[in-house]
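One-letter residues, chain by chain:
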Protein chains: 2
Amino acid sequence: MGGGVDHLESERNKAEFDVDAMKIVWAGSSHVLQVSERIARLVASDPAFRKDNRPNLGRKELFKNTLRKATYAWKRIIELGLNEEEASLLRTFVDEPAFTDLHWAMFVPAIKGQGTEEQQQKWLPLAHKMQIIGCYAQTELGHGSNVQGLETTATFDPKTDEFVIHSPTLTSSKWWPGGLGKVSTHAIVYARLIIDGQDYGVNGFIVQLRSLDDHLPLPGITVGDIGMKFGNGAYNTMDNGVLRFDNVRIPRDQMLMRVSQVTREGKFVQSNVPRQLVYGTMVFVRQTIVAGASDALSRAVCIATRYSAVRRQFGSRNGGPETQVIDYKTQQARLFPLLASAYAFRYVGEWLNWLYTDVTQRLQAGDFSTLPEAHACTAGLKSVTTSVTADGIEECRKLCGGHGYLCSSGLPELFAAYVPTCTYEGDNIVLQLQVARHLVKTISQLGSRKKPVGTTAYLGRLEQLLQYRSDVQKAEDWLKPNVVLGAFEARAARKIVAVAQNLSKFSNPEEGFQELSADLVEAAVAHCQLIIVSKFIEKLQEDIPGKGVKQQLESLSSIYALSLLHKHLGDFLSTGSITPQQGDLANEQLRSLYSQIRPNAIALVDAFNHTDHYLGSVLGSYDGNVYPKLYEEARKDPLNDSVVPDGYQEYIRPLLKQQLRNARL
Amino acid sequence: MGGGVDHLESERNKAEFDVDAMKIVWAGSSHVLQVSERIARLVASDPAFRKDNRPNLGRKELFKNTLRKATYAWKRIIELGLNEEEASLLRTFVDEPAFTDLHWAMFVPAIKGQGTEEQQQKWLPLAHKMQIIGCYAQTELGHGSNVQGLETTATFDPKTDEFVIHSPTLTSSKWWPGGLGKVSTHAIVYARLIIDGQDYGVNGFIVQLRSLDDHLPLPGITVGDIGMKFGNGAYNTMDNGVLRFDNVRIPRDQMLMRVSQVTREGKFVQSNVPRQLVYGTMVFVRQTIVAGASDALSRAVCIATRYSAVRRQFGSRNGGPETQVIDYKTQQARLFPLLASAYAFRYVGEWLNWLYTDVTQRLQAGDFSTLPEAHACTAGLKSVTTSVTADGIEECRKLCGGHGYLCSSGLPELFAAYVPTCTYEGDNIVLQLQVARHLVKTISQLGSRKKPVGTTAYLGRLEQLLQYRSDVQKAEDWLKPNVVLGAFEARAARKIVAVAQNLSKFSNPEEGFQELSADLVEAAVAHCQLIIVSKFIEKLQEDIPGKGVKQQLESLSSIYALSLLHKHLGDFLSTGSITPQQGDLANEQLRSLYSQIRPNAIALVDAFNHTDHYLGSVLGSYDGNVYPKLYEEARKDPLNDSVVPDGYQEYIRPLLKQQLRNARL
């Protein structure tokens with residue numbers, strides 16, 4: 001074993017398509033593939049970015065190490081003169097949550113999006129050079145999803161032309177912001193604007209937290225870390241923080257004033273900049289989360305697929321080797337839908353990227369007509385893709401059997417670092433309720449002149465969809481894109497109509513919405529799954545070069561749709577979108593697709609082009625040399641520093657020797 | 001806040017039933033309730049058993065602390081003269097995986113079950129006094145579920161009357177056994193018995209690993225820890241180990257010889273003790289796992305329910321308090337089915353306990369007729385209850401929003417410590433395939449004189465079940481036990497028949513079994529869910545004292561069944577067990593049951609009688625005083641030892657001051 005042998009070579013030889021061409025399709029373009037590969041290798045080959053020791057480090061050591069890496073990464077970015085795309089990729093491949101994430105992804109964009117020209121000119125150069133480090137202080141100990149419920153106050157003092165930032169209660173303490181606890185010098189603080197006793201709602205303020213001389217908190221500011229979070233390593237590299245204000249004063253010009261202003265006289269004024277811009281930003285942030293979902297899921301799937309090809313169990317004949325675990329249909333039925341989902345999320349993420357550009361151009365031209373649909377669509381896709389990814393990573397861990405439970409498999413940390421995505425930037429259930437609200441509204445306006453747009457356009461054909469009957473007669477019929485789309489459209493439309501009809505029975509609509517909220521979420525999920533299915537199918541209308549590449553993507557697209565159909569069979573049957581027999585045929589087709597994809601499985605995860613460093617998994621390493629690596633990793637545990645463990649003399653020996661009476665325990 | 005105020009008092013006052021009576025029903029008897037409560041308080045009130053600091057400890061410190069606690073627990077057991085029941089409860093409430101778990105739950109029972117009278121007389125007294133500490137060394141680096149694939153050899157040497165234990169390959173290294181890495185002095189080692197070149201299959205051997213004088217590994221033995229596992233604290237308190245043998249010799253009488261013997265002459269002999277006894281032991285172990293599932297799920301549900309009553313979000317009217325999260329139907333639709341599952345698993349666990357006694361009595365009387373059914377039934381229930389519990393704990397964590405991600409919520413550690421249960425003592429998918437095999441066999445024998453017994457008895461009414469049509473006409477019809485049973489029986493029977501028919505189309509039955517394995521698992525799950533539903537209903541036929549107690553259990557039983565029906569609607573519809581309209585009515589009834597259970601929710605989790613120490617969660621503490629406790633816990637993080645973090649001078653300052661060129665990073 002070892003020594004450069006590729007234990008997965010025979011698997012790679014089975015592939016029926018051009019892996020290099022698939023890499024380009026996955027990356028989006030050869031340019032992106034090349035840049036990603038160059039930066040990924042740069043990180044992987046630099047021992048300063050080593051991350052395999054994270055699970056063994058105590059909190060302080062872990063955090064200090066992250067400070068070192070983040071600063072070193074910035075140094076390298078400057079030395080190598082990396083552009084924004086490259087710098088961002090470098091941070092991705094370093095793969096360690098750090099204060100810099102919030103600085104670049106939240107603090108800087110908040111100033112860009114909500115600051116005036118003047119404010120941008122003052123603050124952005126400092127932030128761009130990291131002469132100040134910023135975070136984003138919105139959520140509070142007692143307040144998360146409901147931003148309008150925040151308690152922190154910013155009271156205008158006309159005498160001094162200042163705002164007084166204050167935490168009136170314990171529950172108003174800022175709680176969770178990443179980078180806040182130990183590092184950030186500044187924060188965008190969201191607080192209720194109070195002028196002359198009147199509450200003008202929540203606004204953003206730039207507040208300096210720490211001295212730039214000695215890093216001590218400024219007077220009136222109490223700040224600290226909120227403690228350990230789920231998992232080893234994972235998000236414990238981040239200083240999520242708590243922050244309290246005791247009447248902290250900031251100059252009036254540190255309120256972010258692009259949309260709303262407070263004048264010297266204490267007058268509250270709205271600018272002519274449309275408030276809807278905020279939604280444009282949300283579309284952007286959530287689109288990056290969808291792209292991230294596909295990336296995280298692809299890592300888990302890559303690990304589980306490679307290990308499933310290495311691992312053997314049962315089925316030995318005449319003393320020969322046992323069967324590869326990946327050849328079991330139970331393994332395939334759990335693994336391959338996740339493989340297909342990783343690809344599906346990739347392409348819906350690509351499309352969302354286009355949607356964001358489209359919405360931005362329209363906003364700039366004063367066209368707000370597509371914004372509500374685009375906003376609902378991104379909210380729903382953020383919810384569906386991150387939920388599936390979180391569960392999918394854990395499923396991949398289980399697919400690796402016992403060894404998936406070891407930190408060296410990489411999966412525990414991937415899971416623990418991923419799951420907060422289901423909660424932040426919109427709780428996944430709250431988001432689906434927003435989608436449902438939009439869908440119900442769309443249905444109610446069908447008679448009017450407002451035609452449904454974008455991903456809700458199919459609801460314009462409602463009459464037809466309510467009449468729809470699937471014409472599937474044999475298993476292969478399920479390979480036809482129109483057959484799949486028909487069933488998914490009928491199911492989504494009928495779910496939405498059914499819940500809308502039930503809603504109309506309530507005299508108080510809000511009461512109905514609350515009572516039926518679980519059904520509303522189901523309808524919203526059905527709609528979002530249709531979007532992903534249809535965008536994958538649209539992708540396949542493109543000209544896709546490379547031997548066999550398109551065929552593989554077609555198989556994956558079918559697996560994605562049919563495995564969803566099987567999982568949500570109750571929806572399809574209860575709405576009469578398909579018959580039980582057609583459901584059985586879909587399942588039959590699915591089994592045959594699993595057999596088709598099987599020889600290509602390893603090549604399909606190779607196409608993600610993950611380095612061993614980025615995967616961080618001895619089960620998922622490229623060469624499949626699993627067992628010696630597991631052994632090697634085990635040796636590194638601090639418990640193995642000595643043969644006889646610390647504590648033997650004090651505890652084990654007295655126990656064995658029956659000398660407990662006077663033992664100090 | 002704080003100071004003994006019960007923040008959940010108004011919730012407790014809403015309860016419509018006698019909580020103390022429910023505590024007895026949950027515990028199983030007033031005796032068990034009293035003993036549990038006494039021992040739980042003993043542990044909770046002793047600062048030596050503190051566990052809230054676990055997430056902050058590095059591996060060595062954590063492990064040493066566990067050694068101290070385990071030894072101290074043993075000292076207390078002796079000092080207080082606790083009996084076996086009390087000692088076992090004490091270890092449960094200490095709630096920290098340790099080498100003692102394996103010693104008592106695997107090593108001692110293995111000698112009892114597989115050792116001869118002589119072997120028991122020699123080894124058990126030593127083990128009972130803990131003069132030796134033992135573990136259970138079965139799985140290997142390359143071999144888990146398939147015990148027959150183990151590679152370790154035990155070769156009989158007739159010259160010296162010894163066995164030579166040897167690890168011939170890297171993959172034959174023992175890997176995973178708890179207590180092995182650093183503590184155990186002895187192990188039951190499973191190895192292939194080789195006599196005169198012939199392989200007699202896998203047998204158990206008692207092997208001493210470490211010197212009783214200085215704890216050093218004996219010659220030829222290499223042993224160590226396998227490294228960090230999922231989560232903070234969690235199973236990292238356990239020294240799961242790796243073990244290799246280089247021709248280690250043990251006397252012949254250290255093979256466990258109750259069932260098979262090797263004579264002085266090297267002859268392999270089978271005793272008249274039935275091999276089936278092994279299955280009896282499996283029934284026992286898996287029954288305790290089912291009981292454990294209900295316990296773990298009840299802890300998660302208790303935390304999520306209490307916090308959902310404290311947490312408020314949205315819905316504030318006229319500046320009043322926001323709505324309690326538990327009042328949202330989306331929260332109820334996720335939380336209450338898990339609450340119902342905790343109760344359902346409790347009673348199916350109780351029933352399994354009876355089943356084990358029944359099987360044991362029959363085995364002793366030479367009656368093996370019910371063993372296959374009992375074995376399949378416990379395997380299936382282990383699989384279903386542990387899978388639901390693992391996913392359920394994570395769902396409860398998500399139901400606690402952002403704060404569920406903090407270690408101080410207790411949920412991350414509960415999850416990480418629980419998930420291996422899905423893999424050990426039988427991988428959950430492998431187990432369901434065993435159940436499916438048994439069901440298909442049962443169906444195939446229906447024409448013969450072998451009548452289906454126990455939980456498969458309903459298959460004896462197959463003709464009738466294939467004709468079954470549910471007569472539900474209004475939502476309340478779903479409250480009738482027979483209506484629920486009818487639908488679940490029809491669904492399970494038809495799923496089994498359908499897959500059996502598909503199997504019969506294959507000329508090679510094993511090939512068919514492999515091809516259809518995912519469908520077989522679904523059929524097995526349907527069967528197991530029926531068992532749990534029916535045992536809950538049977539429980540309700542008993543006389544259950546206490547005001548309102550039975551009514552609450554009836555609601556929970558209905559919620560359990562109807563939420564399953566909703567989740568697996570596709571099964572019920574595709575088999576024609578119910579109509580889509582009847583499915584809608586079930587959903588309608590479910591919503592109304594959620595409203596009925598809502599005022600009782602807090603009291604229903606109080607009935608679990610968990611101490612704050614055992615829960616280990618600031619979100620789930622009895623008095624609901626969540627926010628000050630979160631604050632207090634955060635302060636304890638090592639990062640908060642200093643205001644300016646370690647690493648500021650080396651990394652943050654040079655970054656802010658643009659002095660990176662010569663920084664040592």
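About the cut-offs
- Residues numbered from 1 in each chain as written.
- Chains lettered and ligands numbered in written order.
- Predicted model: local features only at pLDDT ≥ 70, side-chain atom pairs only at ≥ 80, totals over all residues.
- Heavy atoms only, no water.
- UniProt positions renumbered as here; feature names shortened; annotations may be inferred.
- Axes fitted to C-alpha atoms, helices over the stretch in contact; angles between N-to-C directions.
- Helix = DSSP H or I, 4+ residues; strand = E, 2+ residues; numbered from the N terminus.
- Parallel < 35°, antiparallel > 145°, perpendicular 65-115°, else oblique.
- Contact = heavy atoms within 4.5 Å.
- Least-squares fit on C-alpha atoms with pLDDT ≥ 70 in both.
- Buried < 20%, exposed > 50% of the residue type's maximum accessible area, 1.4 Å probe, protein only.
- Buried area = accessible area lost by both parts, 1.4 Å probe.
- Salt bridge = Lys/Arg side-chain N within 4 Å of Asp/Glu carboxyl O.
- Polar contact = N/O pair within 3.5 Å; in protein donor to acceptor, adjacent residues only side chain to side chain.
- Nonpolar A, V, L, I, M, F, W, Y, C, P; charged D, E, K, R; others polar.
- Phe/Tyr/Trp six-rings, centres within 6.5 Å; stacked < 30°, edge-to-face > 60°.
- Lys NZ or Arg CZ within 6 Å of the ring centre and 35° of its normal.

As recorded in an unreviewed UniProt entry, chain A goes by the name Acyl-coenzyme A oxidase, listed as coming from Lupinus luteus. Word for word, the UniProt comment on chain A under Sequence similarities (unreviewed entry) is "Belongs to the acyl-CoA oxidase family." Under the Subcellular location (unreviewed entry) heading, UniProt states for chain A: "Peroxisome".

K.L.:
How should I be thinking about the packing of helix H2 (residues 19-27) of chain A against helix H17 (residues 549-567) of chain A in this particular structure?
P.N.:
The packing of two helices is summarised by the inter-axis angle and the distance between the axes. Residues and elements named next belong to chain A. The contact between H2 and H17 brings their axes to 9 Å, and the two run at 55 degrees. Between H2 and H17, the angle is such that the two are oblique. For the pair H2 and H17, the contacting residues are Ala21, Met22 and Val25 in the first and Val549, Gln552 and Leu553 in the second.

K.L.:
In this structure, what is going on with the relation of the copies chain B and chain A? I would like to understand it.
P.N.:
Comparison of the two chain copies shows a relationship of rotation about an axis with a shift along it. Mapping chain B onto chain A leaves a residual RMSD of 0.0 Å; the transformation is a rotation of 180 degrees accompanied by 0.0 Å of translation along its axis. Seen this way, the second copy is the image of the first under a two-fold rotation axis. Every residue of chain B has its C-alpha some distance from the rotation axis, and the shortest such distance is that of glycine 570 of chain B, at 1.8 Å.

K.L.:
Help me understand the side chain of glutamate 394 of chain A, please; the structure alone is not making it clear to me.
P.N.:
Here glutamate 394 of chain A is to be found in helix H10 (residues 371-399). For glutamate 394 of chain A, a relative accessible area of 6% corresponds to the buried category. In contact with glutamate 394 of chain A, not counting residues within four places along its chain, are Phe415 of chain A together with Phe230, Phe415 and Val419 of chain B.

K.L.:
Quick question: what am I supposed to make of the interface of chain B and chain A here?
P.N.:
Think of interface size as the accessible area that goes away when the parts come together; that is how it is often given. Residue-level contacts link 129 residues of chain B with 130 residues of chain A. Roughly 11600 Å² of surface becomes buried between chain B and chain A when both sides are summed, with 64% attributable to carbon and sulfur atoms. Across the pair aspartate 519 of chain A and arginine 591 of chain B runs a salt bridge, and its minimum N-O distance is 2.9 Å. If you look at where chain B meets chain A, you find 55 residue pairs in polar contact (both at pLDDT 80 or more). Here the side of chain B that touches chain A takes 10 residues from helix H4 (residues 59-79) of chain B, the largest share from any one element. Classifying every residue of the side of chain B that touches chain A by side-chain character gives 62 nonpolar, 34 polar and 33 charged.

K.L.:
Can you walk me through the packing of aromatic side chains in this structure?
P.N.:
The description of an aromatic ring pair uses the distance of the two centres, along with the angle that the planes make with each other. Taken as a whole, this structure holds 46 aromatic pairs over all chains when the rule is applied. Considering the side-chain rings of phenylalanine 415 of chain A and phenylalanine 230 of chain B, the 6.1 Å spacing of their centres and the 90 degrees angle between planes classify their relative orientation as edge-to-face. Taken together, the residues phenylalanine 415 of chain A in helix H11 (residues 411-418) and phenylalanine 230 of chain B in the loop between strand S7 (221-225) and strand S8 (241-245) connect one chain to another. Both residues of the pair, phenylalanine 415 of chain A and phenylalanine 230 of chain B, count as buried. The interplanar angle of 75 degrees and the centroid separation of 5.0 Å between the aromatic rings of tryptophan 26 of chain B and tyrosine 343 of chain B together place this pair among those described as edge-to-face. You can see tryptophan 26 of chain B sitting in helix H2 (residues 19-27) and its partner tyrosine 343 of chain B sitting in helix H9 (residues 329-364), a full 317 residues away along the chain. With relative accessibility at 4%, the residue tryptophan 26 of chain B sits in the buried group. Taken together, the ring pairs connect Trp176, Phe230, Tyr235, Tyr405 and Phe415 of chain A together with Trp176, Phe230, Tyr235, Tyr405 and Phe415 of chain B into an aromatic cluster. Note that arginine 437 of chain A overlies the ring of phenylalanine 513 of chain A, its terminal NZ or CZ placed 3.9 Å from the centroid. Here the basic side chain of arginine 12 of chain B rests over the ring of tyrosine 622 of chain B, its NZ or CZ set 3.5 Å away from the ring centre.

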